[in-house]
Amino acid sequence: MTAIQLIGFDADDTLWRSQDYFDEAQLEFERIVGAYVDLRDARVAERLYEVEKRNIALFGYGVKGMVLSMIEAAVEITTQRIDARDVHRIVELGKSLLRHPVELLPGVREAVEAIAAEFDVVLITKGDLFHQEAKVRQCGFADLFRRIEIVSEKDTATYARLLEEFALPAERFVMVGNSLRSDIAPVLDLGGWGIHVPYHTTWGHENEADVADDAPRLRRIASAHELPDAVRELAARAA
């Protein structure tokens, strides 16, 4: 029996595109607010992030929380001068994101199929429940996953709870994802294994993690095409 028994996959920006659309929405938000203030002097991007970060505990992650934070930030930045029509434009940004079709990243389907042929696989993602469920339905290969978990936060407590439910020690679990904070650091802290697949753009909050480049149970790869071999390599090291 291989020492590795279960492979967990993140969803957004690991299996399909996500942050690109959030980045585009933020640029449009800045254009809206830019009609009222000088973008550089007002530190619009920084102030929006500050509002988003303090609201995570209330709104959670995802489009709806982002839109509420955008509205709050727009009111603060414009000192309550923002027009109702522009508030409505911000709401429409969120609706557009929620309607956006799933766009798989190159090589993802083939990689998950190859790994699922050798190991049990699960999907562990966070964010708005309805939106994440819709994306999972659209992805086209949800049936490959033994379980699909949509959680409010991905931290050591969450992974410990899931591993207990899976009746699996952490050292037999590998997590695959683009976020050091949410996908890699908590699993390594528990004694599990991680495969980091960086995405070309990542929300600043997800980069707030301290993971050594030479962490012994970590493998870094450039794309999904490398995933099957990376999983096999970690399985060999763990055996």
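Structure: above.
None of the values given here were measured: they were computed from a predicted structure.

The rules behind the values
Residues numbered from 1 in each chain as written. Predicted model: local features only at pLDDT ≥ 70, side-chain atom pairs only at ≥ 80, totals over all residues. Heavy atoms only, no water. Helix = DSSP H or I, 4+ residues; strand = E, 2+ residues; numbered from the N terminus. Contact = heavy atoms within 4.5 Å. Salt bridge = Lys/Arg side-chain N within 4 Å of Asp/Glu carboxyl O. Axes fitted to C-alpha atoms, helices over the stretch in contact; angles between N-to-C directions. Parallel < 35°, antiparallel > 145°, perpendicular 65-115°, else oblique. Left-handed = near helix turned anticlockwise from the far one by under 90°. Nonpolar A, V, L, I, M, F, W, Y, C, P; charged D, E, K, R; others polar. Bend = angle between axes of the 7 residues up to and from the residue. Buried < 20%, exposed > 50% of the residue type's maximum accessible area, 1.4 Å probe, protein only. 1 Å grid on protein atoms, 1.4 Å probe; cavity = no way out; pocket = protein on both sides within 12 Å on 5 of 7 lines; lining within 4 Å. Points joined across faces, edges and corners; volume = space filled by probe spheres on them.

Caption draft 1: Seen up close, the side chain of Q19. Looking at where Q19 falls in the secondary structure, it is placed in helix α1 (residues 19-33). The contacts of Q19, once residues within four sequence positions are left out, are D13, T201, T202 and W203.

Caption draft 2: Representation of the pattern of salt bridges in the model. Scanning all chains against the criterion turns up 22 salt bridges. Here K64 ties to D128 by a salt bridge, and the two come within 3.3 Å at their closest N and O atoms. Taken as a pair, K64 in helix α4 (residues 63-77) and D128 in the loop between β2 (120-126) and α7 (129-139) lie far apart in primary sequence, 64 residues in all. Look at the salt bridges and you will find they share partners, linking E28, R31, D86 and R89 into a network.

Caption draft 3: Examining the packing of α4 against helix α5 (residues 84-99) more closely. Contact geometry of α4 with α5 gives a least axis separation of 9 Å together with a crossing angle of 165°. In this view, α4 runs roughly antiparallel relative to α5, as classed from their interaxial angle. Of the two possible hands of crossing, α4 and α5 adopt the one that is right-handed. In this structure, α4 uses V63, K64, M66, V67, M70, I71 and A74 to contact α5, whose residues at the interface are V87, I90, V91, G94, L97 and L98. Residues that form the contact of α4 with α5 fall into these classes: 11 nonpolar, 1 polar and 1 charged.

Caption draft 4: Molecular detail of helix α3 (residues 44-59). When the local axis directions of α3 are compared, the greatest deviation, roughly 30°, occurs at K53. Listing the buried residues of α3 in full gives V44, L48, V51, E52, N55 and I56. Looking at the buried residues of α3, the elements they touch are α1, α2 (39-42) and α4. Phi for G60, located one or two positions after α3, is positive at around 75°.

Caption draft 5: Fine view of the layout of surface pockets. Put simply, the second largest pocket is a space of about 190 Å³. Considering the residues around the second largest pocket, the lining is formed by 14 residues, among which L105, V197, A222, S223 and A224 are closest to the centre. Residues belonging to the lining of the second largest pocket are distributed by class as follows: 9 nonpolar, 3 polar and 2 charged.

Caption draft 6: Representation of the packing of α3 against α4 within the structure. One way to put it is that α3 packs onto α4 with a least axis distance of 9 Å and a crossing angle of 130°. Relative to α4, the element α3 is oriented oblique. Remark: the crossing between α3 and α4 carries right-handed chirality. Contacts between α3 and α4 involve V44, R47, L48, V51, E52, R54, N55 and F59 on the former and, on the latter, G65, M66, L68, S69, M70, E72, A73, E76 and I77. Grouping the amino acids of the contact of α3 with α4 by side-chain chemistry returns 9 nonpolar, 3 polar and 5 charged.

Caption draft 7: Layout of the environment of R181. Along the chain, R181 falls in helix α9 (residues 180-189). For R181, a relative accessible area of 28% puts it in the partly exposed group. Between the alpha carbons of R181 and G192 there is a distance of 15 Å; along the sequence they are 11 residues apart.

Caption draft 8: Region of interest: empty space enclosed by the protein. The full count for this structure, using the stated rule, is 1 cavity of 30 Å³ or more. Roughly 110 Å³ of internal volume is contained in the largest cavity. Forming the walls of the largest cavity are W16, R17, S18, Y21, F22, V63, L97, H100, P101, V102, H131 and K135. At the level of elements, α1 and α7 are the ones that each hand at least two residues to the lining of the largest cavity. Of the residues contributing to the lining of the largest cavity, the split by class is 7 nonpolar, 3 polar and 2 charged.

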